[in-house]
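Spelled out, the chains give:
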Amino acid sequence: MATTVARPARSWISFPIRNPLPTVPPDLCSVPPEILVPAANETLELALGSQIALNCTVRWAATEGCEPVPAWMKDGQWLGSESSQDTTWFAQNALERLLASVLQLNLTHDADFGVFACWVSNATATFTLRRAEVAGHVPAVLAALLVLALLVLLAGLYVRCRLSVLLWYRNRYGELEINDGKLYDAYVSHATTPDDRKFVHFIVKPQLENRYGYKLFLDEQTILPNSEPSADLIMNVSRCRRLIVVLSVAYLEQDWCNSSFREGLWRLLELSKKPIFIVFESQYREITHPAISILKQHRSAVTLLVWRAGSMTPSSDFWKELCLALPRKVSFQGAMGDPQTQLQEDKDPMLILHSSYLDSSGDLHPDGDLGTGLRGCVFRSPPPPRIGGPSAPVASAAGVMEDAQLRAGQRPELDISDLGSRNYGARTDFYCLVTEDDI
């Protein structure tokens, strides 16, 4: 039969920490009571404002002549006896007795957390209460703002450095346009007005040729007279790798632009790979010509660039976009002439721009005849090397004899024995106009 010893208890209340109780020796059992609950020391993480009941249950032999009295401590300080509710009863075999002490807590302040100990005779059970941090929205909001700032930074870097990265990649890994027999990198077509001439001759040409090393062919004639390409245009464009058109208001006044700009654009697309059109921002919004809308419709086939007020700066986006539209430039150290012909080791003076085979350094005739009044050799090969030794006088005599023949007006015969071995396969811009009578 179980007996219950009821003590006044206060449920779910905060408790004050009292001074240590007077030390009254409790009845110690010869065999320490066995702690059933908790099975081991417990550590609990609870939120602020929660309620909890700490249960401490022990068992001891009924034959022991002791009466255990439970006592609670918090952080080494004794709590009052009225802070817990104790219950004692006999087990079913009547040989054992059990005691349950329940401490009810209301965790409303940080001071309510700590280490609680339940003392029953010479047995102890410990409860450690910690405050659990409730996950709020502040860390999530900060993380979202950090990710957003990172995305904005990456977007800004992409917009600002995109052209530089593309240009660097093209110059390092882009396709090389060599061995195509071209003499110029771009064919520039512009109007005859003073503004267009200044823009091409004093801005575009110096920047592309001096800074980037491109070679331009400038032309201010109408490229499509009667809406058809002329023979000169076909020949000149075939020597250039790109076509640049300065599309100013004066340029749009040409007949082919006013009558059939769409058909003329198709003619230019047949002659050049992705032609480049340059328009001025000051005229861009005022132009009512349908050419601008037609170019916007064919953005995939053409390159449309706008010259703005800040484009004069060498590092502006205009020059980067223009260089991306032009072929990759290859520089050859110490090479004279067109590198496309130098790579094929063709020594034909017709294919070398600065040929050492052509010597026209003679003095002009006093009468001013440029055709026949040149003193000295017109076509002259390099002099033979002067090698010391027994053959040196012979070589010197040969040189003296050759100079005497030149002074006498006699031209040495040209050596044409190697014409059959010369490589003309790299050139595609030779035209021969013959008639049936000539054939």
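Procedures and definitions
- Residues numbered from 1 in each chain as written.
- Predicted model: local features only at pLDDT ≥ 70, side-chain atom pairs only at ≥ 80, totals over all residues.
- Heavy atoms only, no water.
- Helix = DSSP H or I, 4+ residues; strand = E, 2+ residues; numbered from the N terminus.
- Buried < 20%, exposed > 50% of the residue type's maximum accessible area, 1.4 Å probe, protein only.
- Contact = heavy atoms within 4.5 Å.
- Areas by Shrake-Rupley, 256 points an atom, 1.4 Å probe, with all protein chains shown as cover.
- Axes fitted to C-alpha atoms, helices over the stretch in contact; angles between N-to-C directions.
- Parallel < 35°, antiparallel > 145°, perpendicular 65-115°, else oblique.
- Left-handed = near helix turned anticlockwise from the far one by under 90°.
- Nonpolar A, V, L, I, M, F, W, Y, C, P; charged D, E, K, R; others polar.
- Pairing = 2+ DSSP bridges.
- Right-handed = clockwise from strand over helix to strand, strands pointing away.
- Core = buried A, V, L, I, M, F, W, Y, C linked by side-chain atoms within 4.5 Å.
- Patch = residues over 30% accessible without salt bridge, like charges linked within 9 Å, V, L, I, M, F, W, Y side chains within 5 Å.
- Salt bridge = Lys/Arg side-chain N within 4 Å of Asp/Glu carboxyl O.
- Polar contact = N/O pair within 3.5 Å; in protein donor to acceptor, adjacent residues only side chain to side chain.

**Q** Quick one: what's the story with the overall build of the chain, residue by residue and with numbers?
**A** Of regular secondary structure, the chain possesses nine helices and 14 strands. Across the 439 residues of the chain, 33% fall into the buried class. Contacts spanning at least 24 positions in sequence make up 73% of the contacts within the chain whose residues lie at least 6 apart. Counting only carbon and sulfur atoms, one obtains 56% of the accessible surface of the chain, whose full area is about 27,500 Å².

**Q** Mind laying out the packing of helix α1 (residues 138-173) against helix α7 (residues 317-325), listing which residues take part and the relevant values?
**A** Contact geometry of α1 with α7 gives a least axis separation of 10 Å together with a crossing angle of 30 degrees. Comparing the axis directions of α1 and α7 gives the class roughly parallel. In terms of crossing hand, the pair formed by α1 and α7 is left-handed. Touching Leu-163, Ser-164, Leu-166, Leu-167 and Arg-170 of α1 are Asp-317, Lys-320, Glu-321, Cys-323 and Leu-324, all from α7. Considered class by class, the residues forming the contact of α1 with α7 number five nonpolar, one polar and four charged.

**Q** Which residues make up the sheet that holds strand β7 (residues 96-106), and what values go with them?
**A** Taken in spatial order, the four strands of this open sheet run β1-β3-β7-β6, and their pairing is antiparallel. Only two strands of the sheet have a single partner each, and these edge strands are β1 (34-37) and β6 (84-90). Here the strands of the sheet are splayed against their neighbours by 20 degrees on average, with no regard to which way each runs. Here β6 runs beside β7; their pairing, made up of seven bridges, is antiparallel. Opposite Ser-84, over in β7, you have Leu-103 as the bridge partner.

**Q** Could you give me a rundown of the pairing of strand β13 (residues 276-280), with the residues and numbers involved?
**A** Of all five residues that make up β13, five are buried, and the element is covered over most of its length. Bridging between strand β12 (residues 240-246) and β13 involves three bridges; their strand directions are parallel. Paired with Val-245 across the strands is Phe-277, a residue of β13. In this fold, β12 hands off to helix α4 (residues 255-271), which returns the chain to β13; that crossover is right-handed. As paired strands, β13 and strand β14 (residues 303-307) are joined by five bridges and run parallel to one another. Opposite Val-279, over in β14, you have Val-306 as the bridge partner.

**Q** Any details on the pairing of β12? Residues and values, ideally.
**A** The buried fraction of β12 is high, at seven of seven residues. In terms of strand pairing, strand β10 (residues 184-189) meets β12 through five bridges, oriented parallel. The residue of β12 that forms the bridge with Val-188 is Ile-244.

**Q** Can you explain unusual backbone geometry? Please cite residues and give values.
**A** Of note, the bond from Val-37 into Pro-38 is cis; its omega dihedral lies within 30 degrees of zero at 0 degrees. Examined against the element boundaries, Pro-38 turns out to sit in the loop between β1 and β2 (42-46). In this structure, Ser-121 takes a positive phi of about 60 degrees despite not being glycine. Its location among the elements puts Ser-121 in the loop between β8 (114-120) and β9 (123-131). Here Lys-274, not a glycine, exhibits a phi torsion of approximately 45 degrees, which is positive. Mapped onto the fold, Lys-274 is located in the loop between α4 and β13. Classification of Lys-274 by relative accessible area gives partly exposed; the value is 40%.

**Q** Tell me about the nonpolar core, and name the residues and values.
**A** Counting 29 residues, the largest nonpolar core has Ile-223, Leu-247, Tyr-251, Trp-256, Phe-261, Phe-277 and Leu-295 as the members making the most contacts within it. When contributions to this core are tallied by element, the ones reaching two or more residues are β10, α3 (231-238), β12, α4, β13, α6 (290-297) and β14. Examining the composition of this core, we find that five residues originate from one element, α4, more than from any other. Membership of the second largest hydrophobic core comes to 23 residues, among which are Val-204, Val-246, Leu-305 and Cys-323.

**Q** An account of the sheet that holds β8 is needed here, citing residue identities and associated values.
**A** Strand order in the open sheet formed by five strands is β2-β9-β8-β4-β5, and the pairing between neighbours is mixed. Because the sheet does not close on itself, it has two edges, and the strands there are β2 and β5 (77-78). The pairing of strand β4 (residues 70-74) with β5 spans two bridges and is antiparallel. For Lys-74, the partnering residue across the bridge sits in β5 and is Gln-77.

**Q** Report on a nonpolar patch on the surface, specifying residues and quantitative values.
**A** A contiguous nonpolar patch, built from Val-138, Val-141, Leu-142, Leu-145, Leu-148 and Val-152 and spanning about 580 Å² of accessible area, is present on the exposed surface. Residue position: Leu-142 is located in helix α1.

**Q** Residues and numbers for the environment of Tyr-214, please.
**A** Mapped onto the fold, Tyr-214 is located in the loop between α2 (194-211) and β11 (216-219). Taking the relative accessible area as the measure of exposure, Tyr-214 reaches 6% and is therefore buried. Ignoring sequence-local partners within four residues, the contact set of Tyr-214 consists of Arg-170, Asp-185, Leu-208, Glu-209, Cys-323, Leu-326, Pro-327 and Lys-329. From its side chain, Tyr-214 meets the backbone oxygen of Pro-327 in a polar contact 2.8 Å long.

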